[in-house]
Each structure stands twice: as structure tokens, then as C-alpha cells.
Amino acid sequence: MFPKSTQSQFWMFENEAALTVVKVKTNQAYIDSHMKEAPPEAAQEHFLSEQDESDVVFYFSVKMGEFCEKFKPPMPRYVRGTAFHYFKRFYLYNSVMNYHPKEILVTAVYLACKVEEFNVSMQQFVANVQGNQERATKIILNNELLLMQELQFHLTVHNPFRAVEGFLIDMKTRCNSVHSVDSFRPEIESFLDSVFLTEACMIYAPSQIALAAIIHAASRQKQNLDSYVTESLFGEQGEEAILHIITCVRNIRVMVKNIPEPTPNIKLLCTRLEQCRNQDNNPDSLAYKRKIEEVVDEDDLLQDYIPPPKQARLDSDSGDSSGVRALSPRDC
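Residues numbered from 1 in each chain as written. Predicted model: local features only at pLDDT ≥ 70, side-chain atom pairs only at ≥ 80, totals over all residues. Heavy atoms only, no water.

## Let's talk about the overall build of the chain
Broken down by element type, the chain carries 15 helices and zero strands. Sorting the 332 residues of the chain into buried and exposed places 45% on the buried side. In the chain, 74% of the contacts between residues at least 6 apart in sequence involve partners at least 24 apart. Total accessible area on the chain stands at roughly 19000 Å², and carbon and sulfur atoms take up 52% of it. (Helix = DSSP H or I, 4+ residues; strand = E, 2+ residues; numbered from the N terminus. Buried < 20%, exposed > 50% of the residue type's maximum accessible area, 1.4 Å probe, protein only. Contact = heavy atoms within 4.5 Å. Areas by Shrake-Rupley, 256 points an atom, 1.4 Å probe, with all protein chains shown as cover.)

And the structure:
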């Protein structure tokens, strides 16, 4: 159940302001730890601001949606939703200057495919990636464990899609004022695609987002769900509950309505990002290649190490005059 899930306990916030506080701290932490790498005459301008980072993350969120939309074989929507959750969670506590979004993007989608049991091989997956597919494979494999660690291994995601289906079934049963409920689906799907470009999934429960999508779709078709919501769904819970859900639905729809266009300065931001990013995490840098070589060398040393054989243990309590007892598997 969602209220007891790790998503509810660890990845939900009161509002957008609370999310911004976390992002500002993440941004400042990176700047503080890499200040010595910046030019002394323009140290502060060398780094991206929190708003710059948000613009970069939003741009690559749009690119993630396009990647998932074009993916072959066709990707289920719940896999896309899970990938968006992973991507957003990662960049709450990690700066884009530390880990480039284009690398975390494909890793998040690949991990979502595995977790949601959308079975595609690595070869099938990277066939959807433009450019060097061998390099993409290495990037995904190198970042997969990192991503899981930064998600605190909270990999189960509650998406709004199941709640949508529940509402539609209920409406067919109890909402006589609405006709052709299934005709809502295109508008619902479009709305949910847009929701994942906002912070709504980290503020509002999946059922609230689902209801907002259905009310939005109904309004686009000039159909009214007021009586269904206030009487059938929440009639027994009192005015306070009704007011709360109305406020949530309104806020979610406002967030979707106010989705901005990607910043026109994105090319400049990406250029600046290449200059201030952590070179230890840049696959094209010498620092990164040295780090990988060191890891490989350590692995070789571990493989070459042969532990000494265990000695038979003397058993002074044994009645055996030889005083020696054969080692059992338990002793080993």
C-alpha cells in the first residue's frame, strides 16, 4: 500500500518549496567541494546555479520522454513513469555537475525496464541509443549500481496508472452522468505524460494525480464530475476531505498548465556544464580512465591472491588418541 511504501516515507515532500531547499543544498555542496578547481577570478560564475541545474534536468526529462516514446519494442507507460521517478530522485541529492544527466537518463530507463520486468536485453536496449552503442553499454553498466545506491535501493514505484484504471471502472459503475468513459483515455495519457515533467509525483499521491488526470480529461470533453467526486467518492468523508482533494487536484492541474518550454539557453548551459563537471565522473576524461584502471588493477590483485589452506584443527576434547578431527563443511 502506498501510505506504507518507501516512496511515501522517503520521497514525498510537502510542496515545491521544500524540494527547492533540498536542491539548493545539493548545488551548494558541489560548489563548496570543487571551489578549488574554479578560476580564481570568476569562481562563482564557473558553476551552475540551482536554477541552471533545474533547467538542465528539465531539458533532459523532456529528452527522456522522447526516448521512451520512440523506444522499440514499445515501452509500457508504467516503465516510463518509474524511470522518471528514478531520474528525479537521483537529482534531488546529486548535482548535474557531478553526474551528467545524459548518462543517468539511459541508466534510469534501463533500470526501470528491469525492475518493472519489461524484458529487453542490453543489446536491444542500446539499439535505441543514438551514437556509440558500445560506449552506451559501458556507461549504463558503470552507473547502474550507483543509481541504485543513490535511490537507497528503494526501487518499487507507485505510479498513477493503476489508480486511473480503478477510477474508470468505478465511474462505469457509479457515475451515470458521464458517457463513454473510455473516450477519456487519450487526454488522460497526455496529461500523465506532462505530469512527469513537473514535481507533482514527489508531492501528491498517485491516486490524487490519477483523479486530476480524469477530471482534466472530463473537462476537455465538456463533462462534469463534480457530483461523482463530492458525493460518490468523498461524500462520507466530510467537507474537509472534499476541500483537500479539490485543492490537490487544482494544484496538480496548475503545475501541468504552467510547464515551461525548455530554456533557449540550454546549449550554453550544457557548454558550461562540460567545463565545471566533475572530471572523475566524465567517461571522456583522463581522470575517469585512471580511476577505472585503478579499480581494474585492484580486481586483478584480488583474483591473483590465493588464501592459505586451512589447517586441520586439533580437538583436545576428542577421545581419539590421534587428537586430530577431520574438518567438516561447517568448520570451513
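What follows continues from the structure just given.
## Describing the nonpolar core
By size, the foremost hydrophobic cluster in this structure holds 96 residues, and its most contacted members are Phe-125 and Met-171. For Met-171, the residues in contact, after removing those within four places along its chain, are Val-178, Val-181, Phe-184, Ile-214, Leu-225 and Tyr-228. (Core = buried A, V, L, I, M, F, W, Y, C linked by side-chain atoms within 4.5 Å.)

## Things to note about the pattern of salt bridges
Taken as a whole and judged by the stated rule, the model has 14 salt bridges. A salt bridge links Arg-77 to Asp-193; the nearest nitrogen and oxygen atoms lie 2.8 Å apart. Separated by 116 residues along the polypeptide, Arg-77 in helix α5 (residues 77-93) and Asp-193 in helix α10 (residues 185-195) bring together distant segments of the chain. Its relative accessible area of 23% is what places Arg-77 among the partly exposed residues. As a salt-bridge pair, Arg-277 and Glu-274 come within 3.8 Å of each other at their nearest N and O atoms. Under the relative-accessibility criterion, Glu-274 is labelled partly exposed at 33%. Where salt bridges share partners, they join Glu-165, Lys-172, Asp-182 and Arg-185 into one cluster. (Salt bridge = Lys/Arg side-chain N within 4 Å of Asp/Glu carboxyl O.)

## Regarding the side chain of Asn-128
Among the secondary structure elements, Asn-128 is positioned in the loop between α7 (122-126) and α8 (133-150). The class of Asn-128 is buried, set by a relative accessible area of 18%. Those residues in contact with Asn-128 that sit more than four places away from it in its chain are Phe-67, Lys-70, Phe-71 and Lys-72.

## Considering the packing of helix α4 (residues 50-70) against helix α14 (residues 266-276)
The angle between the axes and the distance between the axes are what describe a pair of packed helices. Running from N to C, α4 and α14 cross one another at 110°; their axes reach a closest spacing of 10 Å. Between α4 and α14, the interaxial angle falls into the category roughly perpendicular. Of the two possible hands of crossing, α4 and α14 adopt the one that is left-handed. Of the residues in α14, those touching α4 at Asp-52, Asp-55, Val-56, Tyr-59 and Phe-60 are Ile-266, Leu-269, Cys-270, Arg-272 and Leu-273. (Axes fitted to C-alpha atoms, helices over the stretch in contact; angles between N-to-C directions. Parallel < 35°, antiparallel > 145°, perpendicular 65-115°, else oblique. Left-handed = near helix turned anticlockwise from the far one by under 90°.)

## Digging into unusual backbone geometry
A cis amide bond, omega 0°, links Lys-72 with the succeeding residue Pro-73. Assignment of secondary structure puts Pro-73 in the loop between α4 and α5. Non-glycine residue Gln-152 carries a positive phi angle of around 60°. Mapped onto the fold, Gln-152 is located in the loop between α8 and α9 (161-174). Located in the positive-phi region is Lys-222, a residue other than glycine, with phi close to 60°. Given the relative accessible area of 76%, Lys-222 is considered exposed.

## Things to note about helix α2 (residues 16-34)
Here α2 spans 27 Å end to end across 19 residues, near enough to the 27 Å set by a 1.5 Å rise per residue. Of the positions making up α2, those classed as buried are Leu-19, Val-22, Lys-23, Thr-26, Asn-27, Tyr-30, Ile-31 and His-34. Looking at the buried residues of α2, the elements they touch are α3 (43-46), α4, α5 and α14. Where α2 starts, the residue carrying a side-chain oxygen 3.1 Å from the main-chain nitrogen of Ala-17 turns out to be Asn-15. (Expected span 1.5 Å × (residues − 1). Polar contact = N/O pair within 3.5 Å; in protein donor to acceptor, adjacent residues only side chain to side chain.)

## Considerations on helix α13 (residues 238-257)
Across its 20 residues, α13 extends 29 Å between first and last C-alpha, which sits within 8% of the 28 Å expected from 1.5 Å per residue. All buried positions along α13 are accounted for by Ala-241, Ile-242, Ile-245, Cys-248, Val-249, Ile-252, Met-255 and Val-256. The arc that holds the buried residues of α13, viewed along the axis, is 160°, so those residues lie on one side. Facing away from the buried surface of α13 by more than 90 degrees, the exposed residues are Glu-239, Glu-240, Leu-243 and Lys-257. Structurally, α13 contributes buried residues whose contacts are with α2, α10, α11 (206-220) and α12 (226-233). (Arc of directions from axis to C-beta.)

## Here we look at the confidence of the model for the chain
On average, residues of the chain score 87 in pLDDT, and 86% of them are at 70 or above. Confidence drops under pLDDT 50 across residues 312-332; counting only partners more than four residues distant or on other chains, this segment forms 15 contacts. (pLDDT = per-residue confidence, 0-100.)

## Quick word on the packing of α9 against α10
The geometry of α9 relative to α10 is characterised by a closest axis approach of 12 Å and an angle of 155° between their N-to-C directions. One way to sum up the angle between α9 and α10 is to call them roughly antiparallel. For α9 against α10, the interelement crossing comes out right-handed. Between α9, through Phe-161, Val-164, Glu-165 and Leu-168, and α10, the contact on the second element is made entirely by Arg-185, Ile-188 and Leu-192.

## As for the packing of aromatic side chains
A ring pair, where both rings are aromatic, is described by two values, the distance of the centres and the angle of the planes. Applying the stated criterion to the full structure yields 13 aromatic pairs. Between Tyr-30 and Phe-47, the aromatic rings sit 6.2 Å apart at their centres with planes inclined by 80°, giving edge-to-face as the arrangement. Of this pair, Tyr-30 sits in helix α2 while Phe-47 sits in the loop between α3 and α4, and the two are 17 residues apart along the sequence. Here the aromatic rings of Phe-87 and Tyr-91 are separated by 5.2 Å at their centres, their planes lie at 75°, and the arrangement is edge-to-face. (Phe/Tyr/Trp six-rings, centres within 6.5 Å; stacked < 30°, edge-to-face > 60°.)

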